[in-house]
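Observations on the three-dimensional arrangement
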Amino acid sequence: MHTAELVYLAGLALAFSVITSLTYFVRVASESMAPTLLVDDRLLVVRRAALTRRFPARGQIVVFTADAEGPEGGRVRRRMVKRVAATGGDSVLVGGVLSDGVVCDETRPRGQGPVCEPKRVDVPAGGIYVLGDNGSVSRDSREYGCIPSRQVTGLVVLVVWPLRRARVVR
């Protein structure tokens, strides 16, 4: 091999190692982010370590780890993809709670069951409140509360697969 070829290969190897140390891929497993993200979309995620201090911010789509119900009923840690609705110090009005403690959707028309009053959630410092874009099927902060920011592992930047849906995520 010539020196130029070795330098080229070394450059490719270095670029590949930098890219893989700063990013990872995630597959969308549920309909909770539809229509923005669909089941089986493959996402390119920038690792938290590569991002600025202004992360996570309202409106961003993030990946975080959270406890979820496993296939056999036990608790497992799982990666989830949701949109940040509020960050530490913010307040957000969401759904509501019926008198028996059941969380309900504030969009229920009057006259169709008990009226559901929105509830105010104050997000603590160091926390985020996440919601799925498809609220009717999303399991998110309305169910399990605020997420500590330290559980956020990255920022979704691209849909890379399937190719017909490849695009920058906003």
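This text gives an overview of the structure that appears in the document. (Residues numbered from 1 in each chain as written. Predicted model: local features only at pLDDT ≥ 70, side-chain atom pairs only at ≥ 80, totals over all residues. Heavy atoms only, no water.)

1. Notes on the nonpolar core
Nonpolar side chains in soluble globular proteins tend to be buried together. Just so we agree on the cut-off: To define a nonpolar core, start from buried Ala, Val, Leu, Ile, Met, Phe, Trp, Tyr and Cys residues and group those joined through side-chain atoms within 4.5 Å. Each residue gets one of three labels from its accessible area relative to the maximum for its type: buried under 20%, exposed over 50%, partly exposed in between, using a 1.4 Å probe on protein chains only. Strands are runs of DSSP state E lasting at least two residues, helices are runs of H or I lasting at least four, and both sets are numbered from the N terminus onward. In what follows, a contact means two residues having at least one pair of non-hydrogen atoms within 4.5 Å.
Formed by 13 residues in total, the largest nonpolar core has its most connected members in Leu37, Leu43, Val45, Ile61, Val63, Val81 and Val156. For this core, the secondary-structure elements that each account for two or more residues are strand 1 (23-27), strand 2 (42-47), strand 3 (61-69) and strand 11 (152-161). Among all residues touching Ile61, those that are not within four sequence positions of it are Met33, Thr36, Leu37, Val81, Lys82, Arg83, Leu155, Val156, Val169 and Arg170. Counting residues in hydrophobic clusters, the runner-up holds 11 residues, among them Phe55, Val62, Ala66 and Val84.

2. Focus: the pattern of salt bridges
To keep things clear, this is the line we draw: The term salt bridge refers to a side-chain nitrogen of Lys or Arg lying within 4 Å of a carboxyl oxygen of Asp or Glu.
Within this structure, the stated rule accounts for 7 salt bridges. One salt bridge in this structure joins Asp133 and Arg83, with 2.9 Å as the shortest N-O distance. You can see Asp133 sitting in the loop between strand 9 (127-131) and helix 2 (141-144) and its partner Arg83 sitting in strand 4 (residues 75-87), a full 50 residues away along the chain. A relative accessible area of 19% means that Arg83 is categorised as buried. Between Arg120 and Asp122 there is a salt bridge; the shortest N-O distance is 3.0 Å. Classification of Arg120 by relative accessible area gives exposed; the value is 60%. You can call Asp122 partly exposed: its relative accessible area is 48%.

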